[in-house]
Amino acid sequence: MYIQRQITSKISQLCEKFPIVTLTGPRQSGKSTLLRNQFPEYRYISFEDPDIREMAVEDPKGLISIYDNKVIIDEAQKVPKFFSYLQTHTDLRDEAGMYLLAGSQNFGLLAAIDQSLAGRTAVLTLLPLSRSELQLSGLLPTDINDQIFKGYYPRIYNRDICPEDFYPSYIMTYVERDIRSLLKISDINKFVRFIRICAGRIGQMLNMASMSTEIGVSVPTIDSWLSVLEASYILYRLEPNFNNYNKRIVKTPKLYFYDTGLACNLLGIKSTEQLGLHYSKGALFENMVINQFLKNSYNMGYRPDLTFWRDSSGLEIDLIHTEGINQNAYEIKSGKTFSTDYFKGLDKWGKLAGTPVDRLSVIYAGEHEFSTPYGKVIPFSSFF
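Cut-offs used in this document
- Residues numbered from 1 in each chain as written.
- Predicted model: local features only at pLDDT ≥ 70, side-chain atom pairs only at ≥ 80, totals over all residues.
- Heavy atoms only, no water.
- Helix = DSSP H or I, 4+ residues; strand = E, 2+ residues; numbered from the N terminus.
- Rg over C-alpha atoms; globule rule 2.2 N^0.38 Å.
- Buried < 20%, exposed > 50% of the residue type's maximum accessible area, 1.4 Å probe, protein only.
- Contact = heavy atoms within 4.5 Å.
- Lys, Arg positive; Asp, Glu negative; His and termini not counted.
- Charge placed at Lys NZ, Arg CZ, Asp CG, Glu CD.
- Phe/Tyr/Trp six-rings, centres within 6.5 Å; stacked < 30°, edge-to-face > 60°.
- Lys NZ or Arg CZ within 6 Å of the ring centre and 35° of its normal.
- Pairing = 2+ DSSP bridges.
- Disulfide = S-S within 2.5 Å.
- 1 Å grid on protein atoms, 1.4 Å probe; cavity = no way out; pocket = protein on both sides within 12 Å on 5 of 7 lines; lining within 4 Å.
- Points joined across faces, edges and corners; volume = space filled by probe spheres on them.
- Nonpolar A, V, L, I, M, F, W, Y, C, P; charged D, E, K, R; others polar.
- Patch = residues over 30% accessible without salt bridge, like charges linked within 9 Å, V, L, I, M, F, W, Y side chains within 5 Å.
- Areas by Shrake-Rupley, 256 points an atom, 1.4 Å probe, with all protein chains shown as cover.
- Salt bridge = Lys/Arg side-chain N within 4 Å of Asp/Glu carboxyl O.
- Axes fitted to C-alpha atoms, helices over the stretch in contact; angles between N-to-C directions.
- Parallel < 35°, antiparallel > 145°, perpendicular 65-115°, else oblique.
- Left-handed = near helix turned anticlockwise from the far one by under 90°.

Q: I tried to follow the overall build of the chain on my own but got confused; where do I start?
A: Scanning the chain from terminus to terminus reveals 18 helices and 13 strands. What you see for the chain is a C-alpha radius of gyration of 22 Å, in line with the 21 Å of a compact globule of 384 residues. Summarising its shape, the C-alpha atoms of the chain cover approximately 65 × 45 × 45 Å along the three principal directions. Out of the 384 residues in the chain, the part that is buried amounts to 55%. Taking the contacts inside the chain whose residues are at least 6 apart along the sequence as the reference set, 67% of them involve residues at least 24 apart. Taken together, the 42 basic and 42 acidic charged side chains of the chain have centroids lying 4 Å from each other.

What follows is the structure, encoded as structure tokens:
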């Protein structure tokens, strides 16, 4: 079953403007499936295929002469030198929509683009499924904990694969393919342990020194490993809001995963029922909500300006979404019952920033939407 993706209209629009459109994102997020379904008239090749990859390395001009127009190239980052030949060819033809590139390793792909294809390709990011994509296909689980546990990778839904079967294989493939190609790690078990520790710190301030001590590697190694996890779309850092409303603010980023199903597996959560009692349930709910903001923006073709705010006394806002001159602030709670305490951080920040209460909101797991003197209360199920 093919699940219709929201980003398709943006891809079509950019194909009429650029000779090359590049689609990046995590492994198994549905990049090649999307492109092949949206553009059935395009021929498809993958640099994962050893014969195609060898020709791209040894005879790039010959490969381009065969695949000279209307071509999807999957795992494009595996032969970065090929991009220079692609540049020359597309410059000579000067046509829109000649090539669609897909890649799952941001390091190699964007580096090659910056070197050879800057200005010639539009770059879009496809994350795992959004709630609205699942809703439109009739596949969205009704229970919020089930959504967190299953995650949003397409294969889980269109192939009806159990999360406990999908994610261990995903992690093993990721470690064996991406990590071994990017890093020379003598003890791969330490790296896997590091990923699991990151999952246990979702929504927490990043403390590389603490991780270094716990795993037994240097702080620069931790920083390098984090960069690789970010480049391969496993996790991301949410930066603090640096507006100087109050000098006593926290300036350390937080960690979040691009998919909560993957995080649940790394945490050893084996069922929706177990998730309901797990210490990370609140952090995972928060993570899922923030991910929806990311997906909605990426599906429209831009990277959102998302930050958080926390002062030295511990008052915090989970998410600040900046759009132009406007800022909307959100407190995210996994509980189903509303409490006025949820607005403490929002109230303080709103006064410091001069933000009206109609831009201050609590997103929670309850069912009722209503307004308060401090801001809006919005169910997660109706927000996205």
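Q: Before we go on, may I ask you to explain the packing of aromatic side chains in this structure?
A: The relation between two aromatic rings is expressed through the spacing of the ring centres and the mutual angle of the planes. In this structure the tally under the stated criterion is 24 aromatic pairs. When the ring of Phe-285 is compared with that of Phe-380, the centres are 5.6 Å apart and the planes differ by 70°; the resulting orientation is edge-to-face. Taken together, the residues span a long stretch of sequence, with Phe-285 in helix α16 (residues 281–299) and Phe-380 in helix α18 (residues 380–383) at a distance of 95 residues. Taken individually, Phe-285 and Phe-380 each receive the classification buried, so the pair is uniform in this respect. Three or more aromatic residues joined by ring pairs form one cluster here, namely Phe-285, Phe-293, Tyr-330, Phe-380, Phe-383 and Phe-384. Between Arg-131 and the ring centre of Phe-380, over which it is positioned, the NZ or CZ distance is 4.5 Å.

Q: Looking at this model, I keep getting lost on the pairing of strand β9 (residues 316–323). Mind explaining?
A: Each regular strand displays side chains that alternate between the two surfaces of the sheet. Along β9, seven of the eight residues are buried, which leaves the element largely enclosed by surrounding structure. Pairing between strand β8 (residues 305–310) and β9: five bridges, direction antiparallel. For Trp-309, the partnering residue across the bridge sits in β9 and is Ile-317. Here β8 hands over to β9 after five residues, with Gly-314 in that stretch at a positive phi of 100°.

Q: Can you help me understand the state of the cysteines in this one?
A: Cysteine pairs can be linked by a disulfide, which is a covalent bond between their two sulfur atoms. Within this structure, the stated rule accounts for zero disulfides. Sulfur of Cys-264: no disulfide; nearest cysteine sulfur belongs to Cys-162 and is 12 Å away. Classification of Cys-264 by relative accessible area gives buried; the value is 0%.

Q: Teacher, can you tell me more about empty space enclosed by the protein here?
A: A water-sized probe rolled over the atoms picks out the places where empty space is left. Under the definition given, this model contains one cavity of 30 Å³ or more. One number sums up the size of the largest cavity: a volume of about 40 Å³. Lining of the largest cavity is provided by Tyr-170, Ile-171, Tyr-174, Ile-195, Ile-234, Leu-262 and Leu-266. Mapped by element, the contributors of at least two residues to the lining of the largest cavity are α10 (163–182) and α14 (260–266). No other element matches α10, which puts three residues into the lining of the largest cavity. The residue makeup of the lining of the largest cavity, split by class, is seven nonpolar, no polar and no charged.

Q: Would you explain a negative patch on the surface in this entry?
A: Taken together, the side chains of Asp-49, Asp-51, Glu-54, Glu-58 and Asp-59 define an acidic patch exposed on the protein surface. For Asp-59, a relative accessible area of 37% puts it in the partly exposed group.

Q: Sorry if this is basic, but what is going on with the packing of α10 against helix α11 (residues 188–199) here?
A: It is the contact of α10 with α11, at a shortest axis distance of 12 Å, that shows an interaxial angle of 110°. Compared by their axis directions, α10 and α11 come out roughly perpendicular. Of the two possible hands of crossing, α10 and α11 adopt the one that is right-handed. The segment α10 lies against α11, with Tyr-174, Val-175, Ile-179 and Arg-180 engaging Ile-188, Phe-191, Val-192 and Ile-195.

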